[in-house]
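Descriptive analysis of the structure
So the chains spell out like this:
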Amino acid sequence: YLTTDLQVRVAYDSKRNSSHAWGVQVHNAWLLYKLNYAAKLRVGHFDPAFGLEPLLDTHATILQTLMMENIGFKKDWGLGLEGILGEFDYKTALQLGSGMTPRLKDDSFLLTGRLGLPPAGNFQSGLSLLLGRVLETEDIKTIPKDKLLSDFTVSMKRIGLDGQYLYGPCLFKGEVAYGENDSKKALGYLVEVDYTVPRIQNWEWELQFQSWINMLGENSSADTTLTLGTTYKLNQKVTLRAAFLHDFNMIGQKEEDRVLLQFYYFGA
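The present account deals with the structure reproduced in this document. Just so we're clear, the structure is a prediction, and the values are computed from it rather than from any experiment.

About the cut-offs
- Residues numbered from 1 in each chain as written.
- Predicted model: local features only at pLDDT ≥ 70, side-chain atom pairs only at ≥ 80, totals over all residues.
- Heavy atoms only, no water.
- Pairing = 2+ DSSP bridges.
- Helix = DSSP H or I, 4+ residues; strand = E, 2+ residues; numbered from the N terminus.
- Buried < 20%, exposed > 50% of the residue type's maximum accessible area, 1.4 Å probe, protein only.
- Contact = heavy atoms within 4.5 Å.

Relative to strand E7 (residues 123-134), strand E6 (residues 109-120) runs antiparallel, the two sharing 10 bridges. Bridge pairing in E7 places Thr-112 opposite Leu-130. The turn joining E6 and E7, which pair antiparallel and follow one another in sequence, is formed by 2 residues; a positive phi near 65° is taken by Gly-121. Relative to strand E8 (residues 154-167), E7 runs antiparallel, the two sharing 12 bridges. Note that in E8 the partner of Phe-123 across the bridge is Tyr-165.

And the structure:
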């Protein structure tokens, strides 16, 4: 009846001076209690119920969903209710709107909900809604508290659609979100294809195009990225990842290319 999860890491930011470089990041920190066959109650720090993020484990992956661009964080503190409603699955969450650090300021809150449409074959999709007053932070720390960019919240409204389709060795993913930030129109979209090498199924290639526009009609407010990545799973505990990222127009900056390498170990 009860499931728990705690995922914490210590992070070091080399761009900051030594007194501010270290921090503790609490990612998953939740309890999930089964109320009955159709409903479960979630309490703690977990994904808002919007888009692809609550369906995927992106903690260790290089490729990400729209969540960071959309809300500004991937996890928040609060309560959630989820389960099955007839042929549909649903997730709802009422959270603080503060992200990594639990705090209430300027009447902050985040209310989200996702309704998963009945799957047809290898296709699944969902409709999401979001309403909130969200705090913007500079860091992604829990201890010490992340720094606020402003003492005032950003009023957010969103509607979103997401889908995944498995066709042979290819998994297609897509997500779109549209709404407002303080009455300014915002739009984001993502398309991705993951290809598992049939003869070497521990090896996968990924191609993703992602764009987020904070103020529609203003080019300087867009952040658009094309990413080509590869993943090789050596065994159940060790995964190697590499990716090439091209930012076409980071918000307020020029184009930029990056190469990322990752060694990931998961085990007791």
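Next comes the rest of the write-up.
Looking now at the side chain of Asp-146. Its location among the elements puts Asp-146 in the loop between E7 and E8. A relative accessible area of 2% means that Asp-146 is categorised as buried. Residues contacting Asp-146, with those up to four places away along its chain left out, are Ser-98, Met-100, Thr-101, Arg-103, Thr-137, Asp-139 and Lys-141.

Another aspect to go through is the environment of Asp-247. Along the chain, Asp-247 turns up in strand E13 (residues 238-247). According to the relative accessible area criterion, Asp-247 is buried, its value standing at 2%. Considering only alpha carbons, one finds Asp-247 and Thr-227, 20 residues apart in sequence, at a separation of 8.7 Å. Discounting residues that sit within four places of it in the chain, Asp-247 has contacts with Asp-223, Thr-224, Thr-225, Glu-255, Glu-256 and Arg-258.

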